[in-house]
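Chain by chain, the residues:
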Amino acid sequence: MLQRTEGIVLRTIPYGEADLIATYLTKDLGIVKVFAKSPRKTKSRFGSSLEPLTFSRIAFWGKEDAALPRLTQPRLTQADIVHPFSSLRESLHCFIRVSELIEQTLHLVPERDTGRNVFPLLMNTLAIMEAGCRNPLIGLFYKLKLLEITGFLPGLHSCGRCGGRSNAFHLSHGTVLCLQCSEDEDISSRLSPGVTAFYSSLMKWEISKLDRLKPDEGIVKELSLLLDEHSRYITEKNLRSREFKRT
Ligand SMILES: [Zn+2]
């Protein structure tokens, strides 16, 4: 079946001498991996459309089952660039920041999952970062929204079991737990009072207005660290359960 959609190149992996496997975040089909024949040859019809972050109109041909081995992956037949986002690749500083967001996306969003629409979030974020990627709140906002969309948002406001007050975050539960509910379990971190307030306001904010927020640097760092640890924990748990299913 021939499928058409629009997508952003998240990653490419060389395959054989001249071929590539490209991972797209698409508008309609979630994350899709496609096989691209000979894009690494100089006169390829794909031109530069397979550069990471390039937004293109694409068409591919093949089966839909993501679990099939690589060679039966859908084959890319067309990729017309809509917006290259080349400035994000040309600045090393920006590219490092964007790459971190892409990596988290690949870790948290399962392939072919159309129920979690990450596409508009990434498009908006790339557009904002293209205009200037110095503001660390852009990345933080993206990570927070990605966790919300994928259903992994950490609970920072009240005990995840009884709803009582607490500032003791437990990584293994993804939430704060009060003294009564946590028994002997180790606390991963104690949240500063400003962190939960900042977390709430960031959740309600708009990405286009992030430059108006002027939070305390220490609070931004604390929340960033917490979200990164939380995401890493979820990713490792996901990987373990996938391996368990395979064995
Ligand atoms: Zn409790």
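Higher on the page you've got the structure.
Residues numbered from 1 in each chain as written. Predicted model: local features only at pLDDT ≥ 70, side-chain atom pairs only at ≥ 80, totals over all residues. Heavy atoms only, no water.

1. Quick notes on the overall build of the chain
Check the secondary structure of the chain and you find 7 helices and 8 strands. Expressed as a percentage of its 247 residues, the buried residues of the chain come to 45%. A separation threshold of at least 6 residues defines the contact pool for the chain, and within that pool the share at least 24 residues apart is 61%. Accessible surface, the chain as shown: approximately 13,400 Å² in total, 52% of it carbon and sulfur. Put simply, the chain has 34 plus and 28 minus side-chain charges, and the middle of one group is 5 Å from the middle of the other. (Helix = DSSP H or I, 4+ residues; strand = E, 2+ residues; numbered from the N terminus. Buried < 20%, exposed > 50% of the residue type's maximum accessible area, 1.4 Å probe, protein only. Contact = heavy atoms within 4.5 Å. Areas by Shrake-Rupley, 256 points an atom, 1.4 Å probe, with all protein chains shown as cover. Lys, Arg positive; Asp, Glu negative; His and termini not counted. Charge placed at Lys NZ, Arg CZ, Asp CG, Glu CD.)

2. A closer look at the coordination of the zinc ion
Taken together, the protein donors to the zinc ion comprise Cys159 (SG), Cys162 (SG), Cys178 (SG) and Cys181 (SG), at separations of 2.2 to 2.3 Å. Around the zinc ion sit 4 donor atoms, and with donor-metal-donor angles ranging over 102 to 117 degrees the site reads as tetrahedral. In primary sequence terms, the donor set of the zinc ion follows C-x2-C-x15-C-x2-C. One end of the pair, cysteine 162, is in the loop between helix H4 (136-149) and strand S6 (168-170); the other, cysteine 181, is in helix H5 (residues 179-182), and 19 residues separate them in sequence. (Donors = N, O, S within 2.8 Å, 3.2 Å for Na, K, Ca; no water. Tetrahedral: all angles 85-135°; square planar, octahedral: opposite > 155°, others 65-115°.)

3. Some words on the pattern of salt bridges
Tallied over the full model, the rule gives 10 salt bridges. Among the ionic pairs, glutamate 6 bridges to lysine 27, the shortest N-O distance being 3.3 Å. Placement of glutamate 6 in strand S1 (residues 2-15) and of lysine 27 in the loop between strand S2 (19-26) and strand S3 (30-36) is noted, with a sequence separation of 21 residues between them. A relative accessible area of 43% places lysine 27 in the partly exposed class. Put simply, aspartate 228 and lysine 143 hold a salt bridge, and the shortest N to O gap is 3.0 Å. With aspartate 228 in helix H7 (residues 217-246) and lysine 143 in helix H4, the pair connects residues that are 85 residues apart, well separated along the chain. Each of the two residues, aspartate 228 as well as lysine 143, counts as buried. A cluster of three or more residues bridged by salt bridges with shared partners is formed by Glu6, Lys27 and Arg57. (Salt bridge = Lys/Arg side-chain N within 4 Å of Asp/Glu carboxyl O.)

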